[in-house]
Amino acid sequence: MKWEIERDALLTALTKVAGITDKKSTMQVLSHVLLEADEDQQLHLSATDLDISLKTQVDAQVSIPGRTTVSARKFLDLVKELRQETIQCELTDNDRLTVVGGRTQYKLATIRAEDFPHFTVSVARQSFDVEAGVLRRALSRTIYTVPMDEDPLSIPGLYWHPVGEELLRMVGSDGHRLAYDQIPFPAARFIGDEAGITIPRKGVQEILRLLEKSHEISLGLHENRLFAQTPNTHLSIQLLEEEFPQYDLIIPDAESGHLEMDREILIGALKRMAVVTDQSWVFVRMTVSDRLLVLEAGNPELGTAQEELPVDYLGDGFSVAYNIRYVIEALQNMQSERVRFQWLDEYHGGMFLEPDNPDHLALVMPMMV
Amino acid sequence: MKQRVRTILHLDMDAFYASVEQHDDPALRGRPVVVGGGKRGVVSAASYEARRYGIHSAMPMFQALQKCPHLVVRPVRMRRYQQVSQVVMDILRSLSPLVEPLSIDEAFVDLTGTEELHGPPEVTAQRIKDRIRRATGLTCSVGIAPNKLLAKIASDQNKPDGLTMIPPDAIRSFLQDFPVAKVPGIGPKTLQKLSVLGVRTCGQVTAQPVTFWTRRFGDRAGRWIYERASGVDPDPVNPQRPAKSIGAENTFEEDLAEDAVLHKWLLLQSDRVARRLRRRGILGRTVTLKVKYDDFKQITRSRTLPLPTDSTETIYGEVLALFAGVPRGRKIRLTGVSVSGLSAGRGQLHLFENREENRRRRLDTALDAIRHRYGAGAVRRGRLWDLTLLTEKDDGQGEDR
């Protein structure tokens, strides 16, 4: 195997795959990138952690086709350091990949391509196109609720749930709060017989990375795998098996009051309250009365904070406490100028909504204080 | 940075429970009195008259009665002791804001820098003793030293009604022949290892360099033993010392074998613990079950929950699961439930699985409100109706540690 490639193009491709490789695995080959140079003057780069696989391709001058694997991290690091416009690579007899940039020469250890796990990048019978910006917006506005850690009471993935024929709802929840965002998409045909599918957190992040560089993406589903495809990159994600909870049951369908106010003003006030909170005293109390919203937070050791905000509200008083970080994050992941805060009682989640956009919802469970 | 010399006072009420009983009932003065739960319970406190018979706290009651047949046994009146304790703590707090209650009858006070205001520490200490005696009729023993460790050792020197000072320049000579066995925090296992080395006094410990001890006991433990024996204790007086666990336990009138009855006791104890958690607005994550058999062998089993709780049902559920795994060859004389891993993390309500916990929380809140208004006996869980009398007396054991 022998090829020559533009350094910048190789760097972009390696950056894409390096995020996928599994550094913690005991299988060393999973930290490697599979390199395949073919007669069509293409270099294919593949990486997998067995749950998520990515294959991308880039133009190269291939003089001898062939395949091998090298450490993705080290290959990326050295390409970053090389400053030459082109880089030459050759697999030598002693199973080393020689990488030459100007007068610098690396000889990288390889693992045989045959040892690299076999994975398919797309076998979906039907694929559906979606505008990158639309999908990116929905994913980035909900991923903040997907828990980072394994925890027995929540699902570490984003649930894609068809709403009617033409709407796809992305739902995330860490068990204490929930957010959804929905996009126009032939959801019913896409999902098929399932009630919905759950994409693991890392998979959502990889889709988001894929969306950074492209305008359109097509999605397909086959046997518990989600395939996402842009013109030169294929991503395959193993879906989570755990059943996502019946989240719609816990979204209150009644309200006992609501108010609307400027979103940035509320975020600013909450940030001022957050100064006196800490890990054991995380809550902000929100007390609503006629024309007034009072925020209070505090910590017996540090001190307390209070702020009064004028609001357009007339009705029964209401007081509730929330984890202040949850409320701030809910508000920061909205885009509207104003926010609607809607409540039922101190046992049900408080809703934070975009007044003119029924496609986004954030729900935060109260704290008993 | 050179640390300024601190003045720490340790106060320990003399035979507290028993002294309160003797104060409240003058007929008991001068007689051997113990406070404890029933004929089969243990001695919670013994008056100095009773101690002369070799009776001490934690001794089984039958044994105490063997040693002294005309012993006066009084039930534990926790509420009354708490009342008296409050008076004592208020007196301490009037002298310094830095008061750390260790238990109902013990506290540390940081008097550093109060000389200008109150005069020399021994004068302040005498004044405290006089005020406590006037307000409660009780005596106490006081130790004054540059840190908590030495202050506690000092207060133990001249009991009852003692006042002992260990000034900084006297520490060395004081500890030279002081037995390591009497140093708070040095436990039986360490003592055994020390005695193998022929070490009995603090002076013998400090005669060796610290490396001698770290080599034998490990870095942390070795250093710690050396520091303790040198009378070093940097721990500050912490007025908001949070409780580490909350517990409730009972020694039964008769040893029990039947699940049905034991389960009721466990529910009762779970409820008592959960109520205390709720009253203080805190939550706990680790539930511990303690079982003592009729041969006095004791075991504990713990389980940590995914989320902290203050719910009676949740705690009881865990206790039952733990109890199911406990060996059951012998009869049981005591059970106890405690909750640790306490946090002020407050109750973050959960969206899904904890809907059940939220429901329980509402039930708990309602029961608490009724009890608060109409008294502890006003409502009880259906399963406990026949344990009515038992819920009334809180045996006071398993207080917050």
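Residues numbered from 1 in each chain as written. Chains lettered and ligands numbered in written order. Predicted model: local features only at pLDDT ≥ 70, side-chain atom pairs only at ≥ 80, totals over all residues. Heavy atoms only, no water.

The following threshold applies: UniProt positions are given in the numbering used here, feature names are shortened, and annotations may be inferred rather than shown by experiment.
Looking at an unreviewed UniProt entry, chain B carries the name DNA polymerase IV, with the source organism given as Desulfacinum infernum DSM 9756. Regarding chain B, the relevant UniProt record gives this comment under Subunit (unreviewed entry): "Monomer."

As named in an unreviewed UniProt entry, chain A is Beta sliding clamp, taken from Desulfacinum infernum DSM 9756. Recorded under Subcellular location (unreviewed entry), the UniProt text for chain A is reproduced unchanged: "Cytoplasm".

Brief notes about the confidence of the model for chain B
Keep in mind that low pLDDT regions are not for reading the predicted coordinates in detail. Residues and elements named next belong to chain B. Operational definition: Confidence of the predictor at the level of single residues is captured by pLDDT, which takes values from 0 to 100. Under the scheme used here, helices are H or I runs from DSSP no shorter than 4 residues and strands are E runs no shorter than 2 residues, and both carry numbers assigned from the N terminus. It only takes one pair of heavy atoms within 4.5 Å for two residues to be counted as in contact.
Residues of chain B with pLDDT of at least 70 account for 87%, and the chain-wide mean is 85. The spread of mean pLDDT over the elements of chain B runs between helix α16 (residues 388–392), the lowest at 42, and strand β7 (residues 140–145), the highest at 96. Low pLDDT, under 50, characterises residues 388–401; the predicted model gives this stretch 38 contacts beyond four residues in sequence or across chains. The ipTM, which scores confidence in the relative placement of chains, is 0.73 for this predicted complex, and the corresponding pTM is 0.57.

What to know about the environment of Met89 of chain B
All names here are of chain B. Counted only if it meets this: Residue exposure (1.4 Å probe, protein chains only): buried if accessible area is under 20% of the type maximum, exposed if over 50%, otherwise partly exposed.
Its place among the elements puts Met89 in helix α4 (residues 78–93). Look at Met89 and you get buried, because its relative accessible area is 6%. For the pair Met89 and Pro101, spaced 12 residues apart in sequence, the C-alpha to C-alpha distance is 7.5 Å.

What to know about the sheet that holds strand β2 (residues 33–36) of chain B
Residue and element names in this part refer to chain B. Let me state the cut-off plainly: Paired strands, as defined in this entry, are two strands with at least two bridges between them according to DSSP. All axes are obtained by fitting lines to C-alpha atoms, using only the stretch in contact for helices, and the reported angles, taken between N-to-C directions, cover 0 to 180 degrees.
Taken in spatial order, the 3 strands of this open sheet run β3-β2-β4, and their pairing is mixed. Where the open sheet ends on each side, the last strands, each with one partner, are β3 (43–46) and β4 (72–74). Each neighbouring strand pair of the sheet contributes to a mean axis angle of 30°, computed without reference to strand direction. Strand direction decides the pairing type here: β2 and β3, joined by 3 bridges, are antiparallel. Each residue of the ladder has a partner; that of Val35, found in β3, is Ala45. Across the face of the sheet, helix α1 (residues 16–24) comes into contact with β2, β3 and β4 while running at roughly 115° to β2.

Focus: helix α13 (residues 259–280) of chain B
Rules: In this scheme, a helix's expected span is set at 1.5 Å multiplied by one less than its residue total.
For α13 of chain B, built from 22 residues, the straight-helix expectation of 32 Å at 1.5 Å per residue is met to within 8% by its first-to-last C-alpha distance of 31 Å. Positive phi appears at Gly281 of chain B, one or two residues downstream of α13 of chain B, with a value of about 70°.

Focus: the sheet that holds strand β18 (residues 257–262) of chain A
Residue and element names in this part refer to chain A. Pairing is antiparallel across the open sheet formed by 8 strands, whose spatial order is β14-β11-β12-β13-β25-β24-β23-β18. In this open sheet, the two strands that pair with only one neighbour each are β14 (197–200) and β18. Neighbour to neighbour, the strand axes of the sheet diverge by 25° on average, direction disregarded. Note: strand β13 (residues 177–184) against strand β25 (residues 357–364), 5 bridges, orientation antiparallel. Across the sheet, residue Asp181 finds its bridge partner in β25, namely His360. Of the strands in this sheet, β11 (157–163) and β14 are in contact with helix α5 (residues 201–212), which crosses β14 at around 80°. Of the strands in this sheet, β13, β23 (338–343), β24 (350–354) and β25 touch helix α7 (residues 324–332), which is tilted by about 10° from β13.

A closer look at the environment of Ala37 of chain A
All names here are of chain A. Assignment of secondary structure puts Ala37 in strand β2 (residues 32–38). With a relative accessible area of 6%, Ala37 lands in the buried category. Taking the C-alpha atoms as reference points, Ala37 and Gln57, 20 residues apart in sequence, are found 9.6 Å from one another. Among all residues touching Ala37, those that are not within four sequence positions of it are Met1, Trp3, Gln42, Leu43, Val62, Pro65 and Gly66.

Some thoughts on the pairing of strand β4 (residues 52–59) of chain A
Residue and element names in this part refer to chain A. Where strand β3 (residues 42–48) meets β4, 7 bridges bridge the pair, whose relative direction is antiparallel. Each residue of the ladder has a partner; that of His44, found in β4, is Gln57. Taken together, β3 and the strand that follows it, β4, pair antiparallel across an intervening segment of 3 residues, in which Leu50 is found at a positive phi of about 80°. Strand direction decides the pairing type here: β4 and strand β17 (residues 233–238), joined by 5 bridges, are antiparallel. What sits directly across from Lys55, in β17, is His234.

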